[in-house]
Amino acid sequence: MLDTETVRLAYHVLMGREPANERLVANLTRGCDDIRQLRNRLMSLPEFQQKLGASISIGVRLQQAPKPAVEVEVAPGILEQLLEHVETVWRRFGETEPHWSVLTNQRYLQDNLSANLDEFYASGEKDVQRFRWATERAGIAFDGLRDCLELGSGVGRVTLWLARAFERVVGADISASHLAVAERELTARDIRNIDFRRVASVTALDALPQCGAFYSVITLQHSPPPVMRLVLEKALGRLRPGGVGHFQLPTQILEYSFDAEAFLAGQATEKAMEHHCLPQPTVFETIERSGCRVLECVQDTLSRPNKISNTFTVQKVGGA
Ligand SMILES: C[S@@+](CC[C@H](N)C(=O)[O-])C[C@H]1O[C@@H](n2cnc3c(N)ncnc32)[C@H](O)[C@@H]1O
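One structure accompanies this document, and this report is about it.

Considerations on the overall build of the protein
Alright, step 1. Broken down by element type, the protein carries 14 helices and seven strands.
Alright, step 2. Reported as C-alpha extents along the three principal axes, the dimensions of the protein are approximately 65 × 50 × 45 Å.
Alright, step 3. Here the protein holds 320 residues, and 48% of them are scored as buried.
Alright, step 4. At a minimum sequence separation of 6, the contacts of the protein that also span at least 24 residues come to 71%.
Alright, step 5. Carbon and sulfur atoms provide 51% of the accessible area of the protein, an area that totals close to 15,900 Å².
Alright, step 6. The protein carries 36 positive and 40 negative side-chain charges, and their two centres are separated by 3 Å.

Some remarks on the site of the ligand
Alright, step 1. Taken together, 21 residues form the shell around the ligand, and within it Gly152, Arg157, Asp173, Val217 and Ser223 come nearest.
Alright, step 2. Here a nitrogen atom of the ligand sits 2.7 Å away from a polar atom, N or O, in the main chain of Gly152.
Alright, step 3. The separation between a nitrogen atom of the ligand and a polar main-chain atom of Val217 is 3.0 Å.
Alright, step 4. For the ligand, the accessible surface in isolation is 600 Å², of which the surrounding protein chains cover 99%.
Alright, step 5. For the ligand, the cavity whose grid points lie within 2 Å of the majority of its atoms is the largest cavity.

Quick look at the pairing of strand E2 (residues 168-173)
The side chains of a regular strand alternate, residue by residue, between the two faces of the sheet.
Alright, step 1. Within E2, five of the six residues are buried, which leaves it mostly tucked inside the rest of the structure.
Alright, step 2. Bridge count between strand E1 (residues 147-151) and E2: five bridges; the pairing is parallel. Opposite Cys148, over in E2, you have Val169 as the bridge partner.
Alright, step 3. Note on the crossover from E1 through helix H9 (residues 159-165) to E2: the handedness is right-handed.
Alright, step 4. Where E2 and strand E3 (residues 194-198) come together, five bridges link them in parallel fashion. Residue pairing across strands places Gly171 opposite Phe196, the latter belonging to E3.

Details of helix H7 (residues 113-122)
Alright, step 1. Within the span of H7, buried status applies to Leu113, Asn116, Leu117, Phe120 and Tyr121. Buried residues of H7, seen end-on, are gathered within an arc of 140° and therefore sit on one face of the element. Turned more than 90 degrees away from the buried face of H7, the exposed residues are Ala115 and Asp118.
Alright, step 2. As for H7, its buried residues are in contact with helix H6 (98-102), H9 and helix H10 (176-188).

Considering the state of the cysteines
Alright, step 1. Scanning all chains against the criterion turns up zero disulfides.
Alright, step 2. Between Cys148, a cysteine without a disulfide, and Cys211, which holds the nearest cysteine sulfur, the sulfur-to-sulfur distance is 6.7 Å.
Alright, step 3. Exposure remark for Cys148: the relative accessible area of 0% places this residue in the buried category.
Alright, step 4. With no disulfide of its own, Cys277 lies 14 Å from the sulfur of Cys297, the closest cysteine sulfur.

Quick look at the sheet that holds strand E4 (residues 211-216)
Alright, step 1. Spatial ordering of the open sheet is given by E3-E2-E1-E4-E5-E7-E6, a layout of seven strands whose pairing is mixed. Where the open sheet ends on each side, the last strands, each with one partner, are E3 and strand E6 (292-299). If you compare each strand with its neighbour and ignore which way they point, the axes differ by 20° on average.
Alright, step 2. Pairing analysis gives five bridges linking E4 to strand E5 (residues 239-253), with the strands arranged parallel. Looking at E5, one finds that Phe214 is bridged to Gly245.
Alright, step 3. Against the sheet, H10 contacts E2 and E3, and its axis sits at roughly 165° relative to E3.

Topic: the environment of Lys126
Alright, step 1. With respect to the helices and strands, the residue Lys126 is situated in helix H8 (residues 125-137).
Alright, step 2. Separated by 35 residues in sequence, Lys126 and Trp161 place their C-alpha atoms 8.9 Å apart.

A short note on the nonpolar core
Alright, step 1. Among the nonpolar cores identified, the biggest contains 46 residues, and Leu82, Phe214, Leu236 and Phe247 are the most heavily contacted of them.
Alright, step 2. The element best represented in this core is helix H5 (residues 76-96), accounting for eight residues.
Alright, step 3. In contact with Leu236, other than residues within four places in its own chain, are Phe214, Phe247, Ile287, Ser290, Cys292, Val314 and Lys316.
Alright, step 4. Among the nonpolar cores identified, the runner-up in size contains 31 residues, and Val102, Leu162, Leu179 and Ile191 belong to it.

Remarks on the pattern of salt bridges
Alright, step 1. Per the stated rule, a full pass over the model turns up 25 salt bridges.
Alright, step 2. A salt bridge links Arg8 to Glu5; its shortest N-O distance comes to 3.2 Å. Of this pair, Arg8 and Glu5 both sit in helix H1 (residues 4-15), separated by three residues, roughly a single helical turn.
Alright, step 3. A salt bridge links Glu255 to Arg61, with the shortest nitrogen-to-oxygen separation between them at 2.7 Å.

The rules behind these values
- Throughout, a residue's number is its position along its own chain's written sequence, starting from 1.
- This being a predicted model, a pLDDT of at least 70 is required before a residue's local features are given, and a value of 80 or more before pairs of side-chain atoms are given or counted; all residues contribute to the totals for chains, interfaces and linings.
- Just so you know, side-chain values use all the structure's heavy atoms and leave hydrogens and water out.
- By definition, any uninterrupted DSSP run of H or I lasting at least four residues is a helix, any uninterrupted run of E lasting at least two residues is a strand, and each is numbered from the N terminus.
- Relative accessibility thresholds used throughout: buried, under 20% of the residue-type maximum; exposed, over 50%; partly exposed, between the two (1.4 Å probe, protein chains only).
- Note on contacts: a residue pair qualifies if any of its non-hydrogen atoms lie within 4.5 Å across the two residues.
- Only the protein chains shown count as cover for residues, with accessible areas throughout obtained via the Shrake-Rupley method and a probe of 1.4 Å.
- All tallies of charge rest on Lys and Arg as positive and Asp and Glu as negative; His and the ends of each chain are not included.
- Lysine's charge is taken at NZ, arginine's at CZ, aspartate's at CG and glutamate's at CD.
- Near, as used in this document, describes a residue that has one of its heavy atoms within 4 Å of the molecule or strand being considered.
- Side-chain atoms alone can form a polar contact between residues adjacent in sequence; in general such a contact is a pair of N or O atoms within 3.5 Å, and within protein one must be able to donate a hydrogen while the other accepts it.
- For each structure, a 1 Å grid was placed over the protein atoms alone; sets of points admitting a 1.4 Å probe that cannot get out are labelled cavities, open sets with protein on both sides within 12 Å along at least five of seven lines are labelled pockets, and lining residues have an atom within 4 Å of a point.
- Pocket occupancy is defined atom-wise: a molecule lies in a cavity or pocket when more than half of its atoms are within 2 Å of its grid points.
- Any two strands with at least two DSSP bridges between them are considered paired.
- When the strands point away from the viewer, a crossover counts as right-handed if the path from the first strand over the helix to the second runs clockwise.
- Arc, as used here, means the arc of the directions from the helix axis to the C-beta atoms.
- In this description, the term disulfide denotes a pair of cysteine sulfurs within 2.5 Å.
- In this description, a line fitted to the C-alpha atoms serves as the axis of each element, helices being fitted only across the stretch in contact, and the angle between N-to-C directions of two axes falls anywhere from 0 to 180 degrees.
- The definition of a nonpolar core used throughout is a set of buried Ala, Val, Leu, Ile, Met, Phe, Trp, Tyr and Cys residues joined through side-chain atoms within 4.5 Å.
- Salt bridges are counted wherever a side-chain nitrogen of Lys or Arg sits within 4 Å of a carboxyl oxygen of Asp or Glu.

Following this line, the structure appears as structure tokens:
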């Protein structure tokens, strides 16, 4: 026998809204003996079928989409303006809601944080596990990589676990305010093998040290395509021969286009959290230009009906 709360919750999850009235909830509760029956009943409703059809057709539209109008190469002056824009947006987030800006869940707003801080930092462990599994799937010993450059270290959520897996970690971020929180939080956890670096310019990116590993997740997507391409190339360029890079970024968004000058004059003035993508051909070209080869490219769990997100695992050519 099902209870009304379960029925209400299942309805909300599958339909994306509250049931229209109590009679409907009562009918479903009485009419279904168990969760399986409830699921079948809800999934056969025309409203659910329509939603399913809509998300399948978005997938088909992504597959059928023409070459996107995404500007990936811009003049140095424009690139500087784009970098400056990303720096301003993220520094401001770091000054107001640093943890929420990393995982946008209400539990991580400053007002709710103290009860949820441990859970926030614990969540980074599985990210490093995925890095380990992908490396080992490719037949490479993860423990032999020694040191790791993390791009977009944020408030240290994953950095904490990278620091436990590697002898030394470089935590690079464009935002000084995120770096300050990360340093404070990880020092409080007695983690001392991290070198935090602010990377808000080409010069700072060029000054990053060489490493045996490169890692980045939910970071590149917040930079316009020319910045994504630049930062990715610089970071992959810091891998030692034989070193492994593991990074996530969206490669396709339905109806997405990017024109740098229009962006600077329009969307950039809002200083909000943005989501961009870098088309796969450009990602592969950047990997190649950085002297790396692809070990694995998978569609990851950050994909949405209107967006494809990929995680790439690559290796710098020339190692043993
Ligand atoms: C959503 S948070 C993710 C932080 C961390 N990767 C995690 O998963 O916990 C994105 C971080 O990337 C940083 N960031 C955004 N664009 C960047 C860029 N172009 N270069 C370096 N850091 C960047 C932001 O300042 C922010 O700290």
